Amino acid sequence: MKKTLKETRRQGWLTLLALSVIAITVYIGFAPLFSLVGGGVAGAVIGSSFGAIFVIILTMYLLNKQTEIEQETKKSERVFDEKVRLYQQILDITRDILIDGNLSEEEINRLPFPVIRLQMLGADETIAAFQKVFEKLNAVYAETDGDSINIPENDRNEIFQMLSSFAGVCRKDLG
């Protein structure tokens, strides 16, 4: 059964609470208990039992923390991989648009879903950087009537600069 990160964190806090309660109880009650038992084998058994319980709970806490860290790491790796894939997809689509210098309805319609995925995965700066490219492409396409339009050279250069800025923001987002 797979635990969620929230459940693991909750379990970690409960273990830490139990560890604290046992530590305080042992600190306060250990001396009177030993005085009552009077030492010897019974005292040694009680002392080793408390020590074992304390070590077991401490180990549970450490294992929970390790599990929590591993889950965070796996999540971060997966998000990183998805971001890289998405950024590459967006750059590939815009490359295809700009390479031939023509912008068709089919090409412009390839962008909205990657943009939506970008809004889901990307940082705010990354979204804002690509939103400029997206808006510029839409503005260029809306300027002229027709199925396929030729992108003017100055607009292409501006889009390339915006894409360069977008790539820089992506690099920062990916660390």
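The structure displayed is predicted, hence computed values, not measured ones.

About the cut-offs
Residues numbered from 1 in each chain as written. Predicted model: local features only at pLDDT ≥ 70, side-chain atom pairs only at ≥ 80, totals over all residues. Heavy atoms only, no water. Helix = DSSP H or I, 4+ residues; strand = E, 2+ residues; numbered from the N terminus. Rg over C-alpha atoms; globule rule 2.2 N^0.38 Å. Buried < 20%, exposed > 50% of the residue type's maximum accessible area, 1.4 Å probe, protein only. Contact = heavy atoms within 4.5 Å. Expected span 1.5 Å × (residues − 1). Arc of directions from axis to C-beta. Patch = residues over 30% accessible without salt bridge, like charges linked within 9 Å, V, L, I, M, F, W, Y side chains within 5 Å. Areas by Shrake-Rupley, 256 points an atom, 1.4 Å probe, with all protein chains shown as cover. Salt bridge = Lys/Arg side-chain N within 4 Å of Asp/Glu carboxyl O. Lys, Arg positive; Asp, Glu negative; His and termini not counted.

A few points about the overall build of the protein
Logical step 1: Helices and strands together make up the secondary structure of the protein, namely six helices and two strands.
Logical step 2: When the elements of the protein are put in sequence order from the N terminus, they spell out α-α-β-α-α-α-β-α.
Logical step 3: What you see for the protein is a C-alpha radius of gyration of 30 Å, clearly larger than the 16 Å of a compact globule of 175 residues, by over 25%.
Logical step 4: Dimensions along the principal axes, computed over C-alpha positions, put the protein at roughly 100 × 30 × 20 Å.
Logical step 5: The buried share among the 175 residues of the protein stands at 28%.
Logical step 6: Residue pairs at least 24 apart in sequence account for 72% of intrachain contacts in the protein once pairs closer than 6 positions are excluded.

Remarks on helix α6 (residues 153-174)
Logical step 1: Compared with an ideal rise of 1.5 Å per residue, which puts 22 residues at 32 Å, α6 spans 31 Å between its outermost C-alpha atoms and is within 8% of the ideal.
Logical step 2: Here α6 has its buried residues at Asp 155, Arg 156, Ile 159, Met 162, Leu 163, Phe 166, Val 169 and Cys 170. The buried residues of α6 all sit within an arc of 140° when viewed along its axis, so they share a single face. Projecting away from the buried face of α6 at angles above 90 degrees are the exposed residues Glu 153, Asn 154, Gln 161, Arg 171 and Lys 172.
Logical step 3: Buried residues along α6 sit in contact with α2 (40-99), α4 (112-121) and α5 (124-143).
Logical step 4: Phi turns positive, to about 80°, at Gly 175, one or two residues after α6.

Here we look at a nonpolar patch on the surface
Logical step 1: Judged by side-chain polarity, Leu 14, Leu 17 and Val 21 come together as a nonpolar surface patch covering roughly 260 Å² of accessible area.
Logical step 2: Assignment of secondary structure puts Val 21 in helix α1 (residues 5-37).

What to know about the side chain of Arg 156
Logical step 1: Relative to the helices and strands, Arg 156 resides in helix α6.
Logical step 2: Among buried Asp, Glu, Lys and Arg side chains, Arg 156 stands out as unpaired, with Glu 153 the closest opposite charge at 4.0 Å.
Logical step 3: In this structure Arg 156 touches Leu 98, Ile 99, Gly 101 and Ile 151, once residues within four positions along its chain are discounted.

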